[in-house]
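Here is what each chain is made of, one letter per residue.
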Amino acid sequence: MLSLAHLDKVYGNGAHALDDVSLDVEAGEIVALVGGSGCGKTTLLRLVSGLEAPTHGTVSVDGEAIAAPHPAVGIVFQEPRLLPWLTVAQNIGFGLDHLPASERRDLVEEALLKVGLAGYGPRWPRELSGGQAQRVSIVRALVTKPKVLLMDEPFSALDALTRATLQDHLLALWEASQPTLLLVTHDVEEAAALADRAVVMQPRPGRIFADIAVPLPRPRDRLSPGFVEAKRAILGALDGSLSQIPGATGGKPAEMSAGSWW
Amino acid sequence: MSEIQTLDLQTKRNARASTRAASSRLGGGFVYGLILPVAAALLYEAAFRAGLVQARLLPPPSRIAETLWKLAASGELLTHVIATLLRVGLGFGLGAVVGVLLGALTGSSSLARRLLDPTLQALRAIPSLAWVPLFILWLGIFEPSKIALIAVGCFFPVYLGVMGAIANVDRKIVEVGRAFRLSRLMLARRILLPAILPDTIVALRSGLGLGFMFVVAAEIMGASEGLGYLLVDGQQLGKPDQILAAILCFAILGKAADWLILVATRPLLSWQDSFARSG
Ligand SMILES: Nc1ncnc2c1ncn2[C@@H]1O[C@H](COP(=O)(O)OP(=O)(O)OP(=O)(O)O)[C@@H](O)[C@H]1O
Ligand SMILES: [Mg+2]
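Because the structure is predicted, anything quoted here is derived from the model rather than measured.

Caption draft 1: Representation of the pattern of salt bridges in the model. A full pass over the atoms with the stated rule returns 22 salt bridges over all chains. Between D187 of chain A and R163 of chain A there is a salt bridge, with its nearest N and O atoms 2.9 Å apart. Within this pair, whereas D187 of chain A is found in the loop between strand 8 (180-185) and helix 6 (188-194), its partner R163 of chain A is found in helix 5 (residues 160-177), the two being separated by 24 residues in sequence. The burial state of D187 of chain A is the same as that of R163 of chain A; both residues are buried. Linked by salt bridges that have partners in common, R46, E52, E79 and R81 of chain A together with R171, K172 and E175 of chain B make up one network.

Next comes the structure, spelled out in structure tokens:
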């Protein structure tokens, strides 16, 4: 459904961010992209979103090539990026300009309700907490009903408790329309909690190192043996991806790189 | 249509918020601001009445008020105020419109910036008053040369402010617009315009301030009416009370004009998350 074929990205300054990355994602699948800092995760999302063009290779959704931002692809950035001069409701409705006002209002109300922010519509973004703002930015991307939703470390700035709550929120939202979800994360637990597959990347240049299936039913019990096993598998691959960096961290013991992968 | 409705809703909401803010500011700020000048005036008046000061060069507030009242009663003051305000209004309007347009152009197109900005910056380095002889030669000694001078004075802060505001718009916010596939026009309207509004208003306010500065210069250099004329006339006839009355008028008009911009634009800025708001 979402298909990345031989993606290469070299930035203007010569940084080789991605090298021959190919990935196929099924409709409705949740894929977590995990990897050390600078291995090209954000770059990958930006290519898929059409905000940035690949040096080589193609991105396609249902066979249609993505060369510029496309209605089938929604993106949630690492920061909420709400427009400060629009109210919460107007921010959520930002991509619904083509709809009549009443229909837009209903969609926005429904979206606010779903993320537990009913009644927050008339507030300004500055009046929201970090977690609330991120929830608004997630539904802003979701109300347009994209087929593919991209998320770049959407919860990384939040505390562990809020993060776990928002992960549940996210699953509930995903449940409703089941978009294909490509989620960048630093958090192995997050990957195990949400994803059907964890794709581990390796830096310099960015490549796919491992592709780990997480065949657990939802809702997932974070204390179950299967969950712990999945976390261990992802962490193991992550360690492997970092110990194989030519030169850089090659000589360091495994437990060191486990601590320094982020 | 639908967009207009949301906008309408928003302005209503904002208007409510801003009247609240304005009234609290009027209640608190206005009174605080008056304490110092009123106290100083009363003190000086008392000193004068007690015979402690010589009033020939610095007349007491009561004399200035009296002069002001006479000027107002004869209708003369209104003529001067209107003449000055017209000059500032026309000059500022002209300078601000051109400043906003050119600032928007150089801010949004790097080609335009590379072509125009160096020249404009060089022109900015010329003290505006240096243009006066040329303007008089070109435009005569009457209104057009005065308005041209004021317009030039107002132009530069507005131009610089708008250009800088566009250059400083957060790339991340612009990207949100791109991700939602806004056309260039819509991007300008829904993202750039609101984003540069606060800085643009600051630029307009400093432009207007310079407008009042240059209207005095223009009127001192030769005018038969206007507050600047009252200044010169007061000097030539040795009437410090008239000079001070005119200065007082300038202070009031300048402050009122600035306040007007503030109040008129506050509803558009109630979303701002700034230090001043929290204080
Ligand atoms: N706009 C850019 N111009 C030049 N080089 C860039 C740019 N953005 C990223 N890079 C480089 O590309 C590489 C990949 O960056 P990217 O932001 O995709 O990493 P990441 O995996 O998202 O890292 P992190 O986990 O720290 O967010 C890095 O080496 C970075 O220096
Ligand atoms: Mg990143």
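Caption draft 2: Local environment of the sheet that holds strand 1 (residues 2-10) of chain A. Residues and elements named next belong to chain A. Strand order in the open sheet made by the four strands is 2-1-4-5, with antiparallel pairing throughout. Since the sheet does not close on itself, it has two edges, and those belong to strand 2 (16-25) and strand 5 (64-65), each with one partner. In the packing of helix 1 (residues 41-49) onto the sheet, contacts are made with strand 1, strand 2 and strand 4 (56-61), and the angle to strand 1 comes to roughly 120 degrees.

Caption draft 3: Looking closely at the site of ligand 1. Residues and elements named next belong to chain A. Every one of the 13 residues lining ligand 1 counts as a neighbour, but S37, G38, K41, T42 and T43 are closest to it. In this structure, an oxygen atom belonging to ligand 1 sits 2.7 Å away from a side-chain N or O atom of T42. Taken by itself ligand 1 offers 640 Å² of open surface, and the protein chains cover 63% of this. Ranked by residue count, the leading element in the shell around ligand 1 is helix 1, at three residues. Partitioned by chemical class, the residues of the shell around ligand 1 number four nonpolar, seven polar and two charged.

Caption draft 4: Quick look at the environment of V188 of chain A. Looking at the secondary structure, you find V188 of chain A in helix 6. Expressed as a C-alpha distance, the spacing of V188 of chain A and L235 of chain A, which sit 47 residues apart in the sequence, is 6.6 Å.

Caption draft 5: Spatial organisation of the side chain of K146 of chain B. All names here are of chain B. Note on placement: K146 falls in helix 6 (residues 143-167). Although K146 is buried, it forms no salt bridge, and the closest oppositely charged side chain is E143 at an N-O distance of 4.6 Å. Every residue in contact with K146, bar those within four places of it in the chain, is listed here: R87, I141, A218, G222 and A223.

Definitions and cut-offs
Residues numbered from 1 in each chain as written. Chains lettered and ligands numbered in written order. Predicted model: local features only at pLDDT ≥ 70, side-chain atom pairs only at ≥ 80, totals over all residues. Heavy atoms only, no water. Salt bridge = Lys/Arg side-chain N within 4 Å of Asp/Glu carboxyl O. Helix = DSSP H or I, 4+ residues; strand = E, 2+ residues; numbered from the N terminus. Buried < 20%, exposed > 50% of the residue type's maximum accessible area, 1.4 Å probe, protein only. Pairing = 2+ DSSP bridges. Contact = heavy atoms within 4.5 Å. Axes fitted to C-alpha atoms, helices over the stretch in contact; angles between N-to-C directions. Near = heavy atom within 4 Å. Polar contact = N/O pair within 3.5 Å; in protein donor to acceptor, adjacent residues only side chain to side chain. Areas by Shrake-Rupley, 256 points an atom, 1.4 Å probe, with all protein chains shown as cover. Nonpolar A, V, L, I, M, F, W, Y, C, P; charged D, E, K, R; others polar. Lys, Arg positive; Asp, Glu negative; His and termini not counted.

By themselves these figures say nothing about function.
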